[in-house]
Amino acid sequence: MSGAQREKHEAILDSAFEIFGQKGFYETKISDITEHAGIAKGTMYLYFKSKEELFMAVTRRDWDTFLRNLNYRVKHVDGLLPKLRQVAEHHLEYYYERKSHGKIFFHAPNNDSELMKMMHGFLTRYMATVKDVLEEAGMPDPDFYAKAFIGMLDRLKMDILFEGEFTREQLELRVDQTVRLFLRGSEGELN
């Protein structure tokens, strides 16, 4: 792909993310995306055969960026607490930065086997990163605890996406509380 083609490809993906995020998959029309991108409808079809293929490309790019940034953050700190803090911050900041685009997460194509396969791959890679952090620290049953930690964070994303007034300060508090609860349990909260 030439430089101009790459730019147009990225502009289409950026516009698609914006529109899918605001309207959801089913309410989005290709014309909405092409108008936002400032291109002709036919030009979009030179890059993507269908709305489903475009949605997959947007999602893949977003998830690949998520994992690349997570791995970078985790590799640049030492110790279990700082690494878990990086995971928690990254997870919650990801949704905080996209809270005005929540429909991309909840209004996606139903029963799309390719999307489900891609999601499974993303979750497997995400889980492996957290599992590696826990294994490195000598945590027993790191697979279970990786699932538990991500599960806690995933529940908190709902507060971010559905509470309109969720603030950066609340995000930081939730990161601290989640990491502390995960590492120490609730015993310290009861005293």
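Residues numbered from 1 in each chain as written. Predicted model: local features only at pLDDT ≥ 70, side-chain atom pairs only at ≥ 80, totals over all residues. Heavy atoms only, no water.

Attention now goes to helix 9 (residues 168-184). Under the 1.5 Å per step criterion, the end-to-end length of helix 9 is 24 Å for 17 residues, consistent within 8% with the ideal 24 Å. Inspection of helix 9 places L171, V175, T178, V179 and F182 among the buried residues, and these make up the whole buried set. Along the long axis of helix 9, the arc covered by the buried residues comes to 90°, so they all point the same way. Turned more than 90 degrees away from the buried face of helix 9 sit E169 and R184, all of them exposed. At its buried positions, helix 9 is contacted by helix 5 (80-97), helix 7 (113-136) and helix 8 (142-162). One or two steps after helix 9, the chain reaches G185, where phi turns positive at roughly 75°. (Helix = DSSP H or I, 4+ residues; strand = E, 2+ residues; numbered from the N terminus. Expected span 1.5 Å × (residues − 1). Buried < 20%, exposed > 50% of the residue type's maximum accessible area, 1.4 Å probe, protein only. Arc of directions from axis to C-beta. Contact = heavy atoms within 4.5 Å.)

So, about the pattern of salt bridges. Evaluation of the coordinates by the stated rule reveals 17 salt bridges. Among the ionic pairs, D14 bridges to R61, the shortest N-O distance being 2.9 Å. Within this pair, whereas D14 is found in helix 1 (residues 3-23), its partner R61 is found in helix 4 (residues 51-75), the two being separated by 47 residues in sequence. Looking at R61, the relative accessible area reads 23%, which means it is partly exposed. (Salt bridge = Lys/Arg side-chain N within 4 Å of Asp/Glu carboxyl O.)

Size it by volume and the largest pocket reaches roughly 460 Å³. Within the residue set of the lining of the largest pocket, elements represented by two or more residues are helix 4, helix 5, helix 6 (103-106), helix 7 and helix 8. Taken together, the residues that form the lining of the largest pocket break down as 19 nonpolar, 2 polar and 3 charged. (1 Å grid on protein atoms, 1.4 Å probe; cavity = no way out; pocket = protein on both sides within 12 Å on 5 of 7 lines; lining within 4 Å. Points joined across faces, edges and corners; volume = space filled by probe spheres on them. Nonpolar A, V, L, I, M, F, W, Y, C, P; charged D, E, K, R; others polar.)

Time to look at the nonpolar core. Ranked by internal contacts, the top residues of the largest apolar core, which has 52 residues, are F20, L54, V87, Y126, V130 and F149. Elements with a contribution of two residues or more to this core: helix 1, helix 2 (30-37), helix 4, helix 5, helix 7, helix 8 and helix 9. A per-element tally of this core places helix 4 first, with 10 residues. Every residue in contact with F20, bar those within four places of it in the chain, is listed here: F25, T28, I33, K51, L54, F55, K103 and I104. (Core = buried A, V, L, I, M, F, W, Y, C linked by side-chain atoms within 4.5 Å.)

We now examine the environment of G185. Turning to its location among the elements, G185 is positioned in the loop between helix 9 and helix 10 (187-190). Through-space distance from the C-alpha of G185 to that of H76 is 26 Å; in sequence the pair is 109 residues apart.

What the rule picks out here adds up to 13 aromatic pairs. Taking 6.0 Å as the distance between ring centres and 35° as the angle between the ring planes, the aromatic pair formed by F122 and Y126 counts as tilted. Here the residue F122 and the residue Y126 both occupy positions in helix 7, the gap between them amounting to 4 residues, near one helical turn. The exposure class assigned to F122 is buried, which follows from its relative accessible area of 11%. For Y126, a relative accessible area of 2% corresponds to the buried category. Sitting over the face of the ring of F25, K51 holds its NZ or CZ atom 4.5 Å from the ring centroid. (Phe/Tyr/Trp six-rings, centres within 6.5 Å; stacked < 30°, edge-to-face > 60°. Lys NZ or Arg CZ within 6 Å of the ring centre and 35° of its normal.)

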